Amino acid sequence: RTQAMMLRALARIPRAALRPRAAPKAFQRAFASKEETVSMLEKLLDDAKNRSEAAAAPTNDYDGPTFNVQTYNAISPVGLKRYPEGKYTVNADAKELEGGPHAIMLRSHKLQTEEVPPTVRAIARCGAGTNNIPVAKMSELGIPVFNTPGANANAVKELVVCALLLSSRGISEGIQHVKGNIIPEENGDYDKISTRIEKDKKLFVGQEISGKTLGVIGLGHIGSRVVGAALSLGMKVVGYDPALSLEAAWRLPGDQMTRAKSLDDLFKQADYISLHVPYIKDKTHHLIDRDALKIMKPNVSICNFARGEIVDGAALREAYESGTQRGKYISDFADKDLMGHPNHVVIPHLGASTAEAEENSASMAADQIIDFLETGSIRNSVNFPDCRLEPKDNNSSRLAIVNQNAPGVLGAITTFLGEQGINIEQQINQSRGDIAYTVIDIQGEPEDPSKLQEQLAKVDGILSSRLIGVPFTNELGRPGTFYHVSWYQE
């Protein structure tokens, strides 16, 4: 009956309504061929990729001279990419730098004074220590030396944590025992080797670091991170730093650690000591000496990833051999007095040897060079004062002067400029030791910049001067120009 009803309903429908019809054009477009769809998607992807590359590509229509940076050692490419392409030329060969290098960038290369031509305005070390640079001589020549404090702090902190474990658990001794004793003695027999590895663990019983006291000497970028890591491992922490800056103090968990009143106070309390101070010949040379070792606990372990000269190796060996000290000395420096001693665990100089630390150091060094060459600003110099003056506007010119820190020099500079009819719009003067650095923004541009610098150099105490305009834009902003070095001219 249902089938009969359906047939009667179909009979009533006009024949024209039953003919097949063409799909609407919009419907056809929606169901285009697979090939057309793929082609359309590929075109959209290509357009998106081109837009992305165009946005990322540096816009550089500058074709004038460049700032030149000479490199020593293998500098991280990540850091070198900080230099704008077309505006900076970086090369390890000074002969390839037209007009000579304007800055030097290095890591461990021991720089000689004769390697610093009079075209050099600045030197940057990719790392914290600068004992491979003749800093005192560079100060005499009026050249700031930059470093990169904190760039490798995390890398060193992690190595200190490793050293705490190495000094506590017989890890390196156990590894040597397996390789040098168990495997050759058992002739490669797996079952016997497996049995010995389990049995011989009793030879390397250690202690846990949780609950022990770590003494941290030096609470800067690295020391403060070591403090945090030790606390997270359940250690008690005693810190000492007589020159603690306000910035460093803010990084410390002051409510969770104790600050020692003196080094002796720290020595008496510490089960472990970690050193994070620079090497200063008259101050930190043999900071750990015979007298210090007498105060320390007999099982104290010392971690030194700062400088080898801070620990008196001869005194430490005497203490080990006499039995008054039984802890470990972990360092990434060789010590001629401790060579071969079982209590000295020495590893390669790995403190900053991570890809991340090298990238951070190189990037930081490059940024400091760029800032100094283009604006005259100084950050993180080991021989010059920090100095930063925001440029007033593009209608003014900047005069950056390095001079001796002596009475009357600044007054003589401003008097000279006044006599030349030059209006000072803003200025800053900072000093550090025997060096003073003055940055002055003057109205407009000098009529004869070179003559102005020659006459300024006659003022007693002037070491060098630079005129800085709008970088890569006007005459004074052209790299390599208007740098007057008094000692070289003389």
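Above this text is the structure in question.
These lines cover the structure that appears in this document, whether it is placed above or below. (Residues numbered from 1 in each chain as written. Predicted model: local features only at pLDDT ≥ 70, side-chain atom pairs only at ≥ 80, totals over all residues. Heavy atoms only, no water.)

Points about the overall build of the chain
Worth spelling out the cut-off: Helical segments are the DSSP runs of H or I of at least four residues, strand segments are the runs of E of at least two, and each set is numbered from the N terminus. As a reference, a globule follows 2.2 Å times the number of residues to the power 0.38, and the radius of gyration itself is taken over C-alpha atoms. Buried means the residue's accessible area, taken with a 1.4 Å probe over protein chains only, is under 20% of the maximum for its type, while exposed means over 50%, and partly exposed covers the values in between. Residue contacts are counted whenever heavy atoms from the two residues lie within 4.5 Å of one another. Where accessible areas are quoted, they stem from the Shrake-Rupley method and a 1.4 Å probe; at the residue level, only the protein chains shown are allowed to cover. The charge count treats Lys and Arg as positive and Asp and Glu as negative. His and the chain ends do not count. Just so you know, the charge point we use is NZ for Lys, CZ for Arg, CG for Asp and CD for Glu.
Counting its secondary structure elements, the chain contains 18 helices and 17 strands. For the chain, whose C-alpha radius of gyration is 34 Å, the value lies well above the compact-globule estimate of 23 Å for 490 residues. Expressed along its principal axes, the backbone C-alpha trace of the chain runs to roughly 115 × 90 × 45 Å. Taken across its 490 residues, the chain has 44% of its residues classed as buried. Looking at the chain alone, contacts between residues at least 24 apart form 62% of all its contacts between residues at least 6 apart. For the chain, the accessible area works out to roughly 27,000 Å², and carbon and sulfur atoms hold 51% of it. Charge centroids of the chain, computed over 55 positive and 60 negative side chains, lie 12 Å from each other.

Remarks on the packing of helix α7 (residues 153–169) against helix α10 (residues 221–232)
What describes two packed helices is the angle between their axes and the distance between those same axes. Note the cut-off: Lines fitted to C-alpha atoms define the axes, with helix axes restricted to the stretch in contact, and inter-axis angles between N-to-C directions lie between 0 and 180 degrees. In what follows, roughly perpendicular refers to angles from 65 to 115 degrees, roughly parallel to angles under 35, roughly antiparallel to angles over 145, and oblique to any angle outside these ranges. Note on convention: near helix rotated counterclockwise from far helix by under a right angle means a left-handed crossing. Clockwise means right-handed. Under the scheme applied, nonpolar residues are Ala, Val, Leu, Ile, Met, Phe, Trp, Tyr, Cys and Pro; charged residues are Asp, Glu, Lys and Arg; polar residues are all the others, including Gly.
Running from N to C, α7 and α10 point in directions that differ by 45°, and their axes come no closer than 9 Å. By the angle class used here, α7 and α10 are oblique. As for how α7 packs across α10, the hand of that crossing is right-handed. On the side of α7, the interface is formed by A153, N154, V156, K157, V160 and V161, while α10 contributes H221, I222, R225, V226 and A229. Among the residues forming the contact of α7 with α10, the class breakdown is seven nonpolar, two polar and two charged.

A look at α10
Formally: Helices are assigned an expected span. That span is 1.5 Å times one less than the residue count.
The terminal C-alpha atoms of α10 lie 17 Å apart, and with 12 residues this matches the ideal 16 Å at 1.5 Å per residue to within 8%. Within α10, burial applies to I222, G223, S224, V226, V227, A229, A230 and L231. Buried positions along α10 lie against α7, β6 (213–217), β7 (236–240), α11 (246–251) and β9 (272–275). Note on α10: the residue one or two positions beyond its end, G234, has a positive phi of about 85°.

Considerations on the sheet that holds β9
Formally: When DSSP finds two or more bridges between a pair of strands, those strands are recorded as paired.
The seven strands are arranged β8-β7-β6-β9-β10-β11-β12 in an open sheet whose pairing can be described as parallel. Across the chains shown, the open sheet's two edge strands, defined by having one partner strand only, are β8 (258–259) and β12 (344–346). As paired elements, β6 and β9 share four bridges and run parallel to each other. Across the sheet, the residue bridging to G215 is I273, located in β9. Sheet contacts for α7: β6, β9, β10 (301–304) and β11 (329–331); angle to β9, the most-contacted strand, approximately 145°.

A closer look at the pairing of β10
Rule in force here: Handedness rule for crossovers: strands pointing away from the viewer, path from the first strand over the helix to the second running clockwise, crossover right-handed.
The side-chain alternation of β10 yields two buried faces, one formed by S301 and C303 and the other by I302 and N304. Relative to β10, β9 is paired through four bridges, and the arrangement is parallel. By the bridge assignment for β10, I273 is matched with I302. Between the parallel elements β9 and β10, the chain passes through helix α13 (residues 290–295) in a crossover that is right-handed.

Some thoughts on empty space enclosed by the protein
Inclusion rule: Both cavities and pockets are sets of points on a 1 Å grid over the protein atoms alone; in a cavity a 1.4 Å probe fits but cannot get out, in a pocket the set is open with protein on both sides within 12 Å along at least five of seven lines, and lining residues sit with an atom within 4 Å of a point. Grid points are joined across faces, edges and corners, and a volume is the space filled by probe spheres set on the points.
In this structure the tally under the stated criterion is two cavities of 30 Å³ or more. Here the largest cavity defines a volume of roughly 110 Å³. Lining of the largest cavity is provided by 16 residues; of these, F67, L373, R466, L467 and T481 occupy positions nearest its centre. Looking at the lining of the largest cavity, the elements that each hand over two or more residues are α15 (355–375) and β16 (462–468). In terms of residues, the lining of the largest cavity owes the most to one element, β16, which gives three residues. Split by residue class, the lining of the largest cavity holds nine nonpolar, three polar and four charged. Here the second largest cavity is characterised by a volume of approximately 60 Å³. If you go around the second largest cavity, the residues you meet are R121, G142, P144, F372, A400, I401, V402, Y437, S464, S465, R466 and Y483. Counting only elements with at least two residues in the lining of the second largest cavity, the list comes to β13 (396–404) and β16.

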